[in-house]
Amino acid sequence: MPDMTGLTETLAATSHSNDGPGALLRTVIVVGVVGAGLLAWFLLRGYKQD
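Everything numeric here is computed off the predicted structure, so don't read it as measured data. By convention here, each chain's residues receive numbers from 1 onward along its written sequence. pLDDT decides what is reported in this predicted model: residues at 70 or higher carry local features, side-chain atom pairs at 80 or more are listed and counted, and totals for whole chains, interfaces and linings draw on all residues regardless. Working from all heavy atoms in the structure, the side-chain values ignore hydrogens and water.

Each helix and strand in the protein chain was counted, giving two helices and zero strands. When accessible area is computed with a 1.4 Å probe and restricted to protein chains, residues below 20% of their type maximum are described as buried, those above 50% as exposed, and intermediate ones as partly exposed. Counting every position in the protein chain, which comprises 50 residues, the buried fraction comes to 0%. Each accessible area is a Shrake-Rupley result for a 1.4 Å probe, and residues are judged covered by the shown protein chains and nothing else. If you sum the accessible surface of the protein chain, you get close to 4800 Å²; carbon and sulfur atoms cover 69% of it. The numbering of helices and of strands both runs from the N terminus, where a helix is a DSSP run of H or I of at least 4 residues and a strand a run of E of at least 2.

Next comes the structure, spelled out in structure tokens:
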């Protein structure tokens, strides 16, 4: 079996060299979903029957 160390290092370096907007977009989506959940909880708790 050939030595794959060089290929593995090259692929790892290539995959992390250009992440693009992925991390920012993921953060915005998570914050939006959590915010929507909190807003729904805040608005719907007023309809609680005592």
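Back to the write-up after that little detour.
It is worth spelling out the UniProt feature "transmembrane region" (unreviewed entry) in the protein chain at this point. UniProt positions are given in the numbering used here, feature names are shortened, and annotations may be inferred rather than shown by experiment. The UniProt record annotates "transmembrane region" (unreviewed entry) at residues 23–44. Taken end to end, residues 23–44 comprises 100% helix and 0% strand; its first and last C-alpha atoms sit 31 Å apart.

Pairing of aromatic rings covers Phe, Tyr and the six-membered ring of Trp, with a centre-to-centre limit of 6.5 Å; geometry is then stacked below 30 degrees between planes, edge-to-face above 60, and tilted otherwise. Summed over all chains, the structure comprises zero aromatic pairs. The side chain of Arg-45 reaches across the aromatic face of Trp-41, ending 5.3 Å from its centre. Here, over-ring charges are defined by two tests on the NZ atom of lysine or the CZ atom of arginine: distance to the ring centre within 6 Å, and angle to the ring normal within 35 degrees.

Quick look at a nonpolar patch on the surface now. Candidate patch residues must exceed 30% relative accessible area and have no salt bridge, after which like charges are joined if within 9 Å and Val, Leu, Ile, Met, Phe, Trp or Tyr side chains if within 5 Å. Salt bridges are defined as contacts in which a side-chain nitrogen from Lys or Arg sits within 4 Å of a carboxyl oxygen from Asp or Glu. A surface patch of nonpolar side chains, about 750 Å² in accessible area, is lined by Val-30, Val-34, Leu-38, Leu-39, Trp-41, Phe-42 and Leu-43. Structurally, Phe-42 can be placed in helix H2 (residues 22–44).

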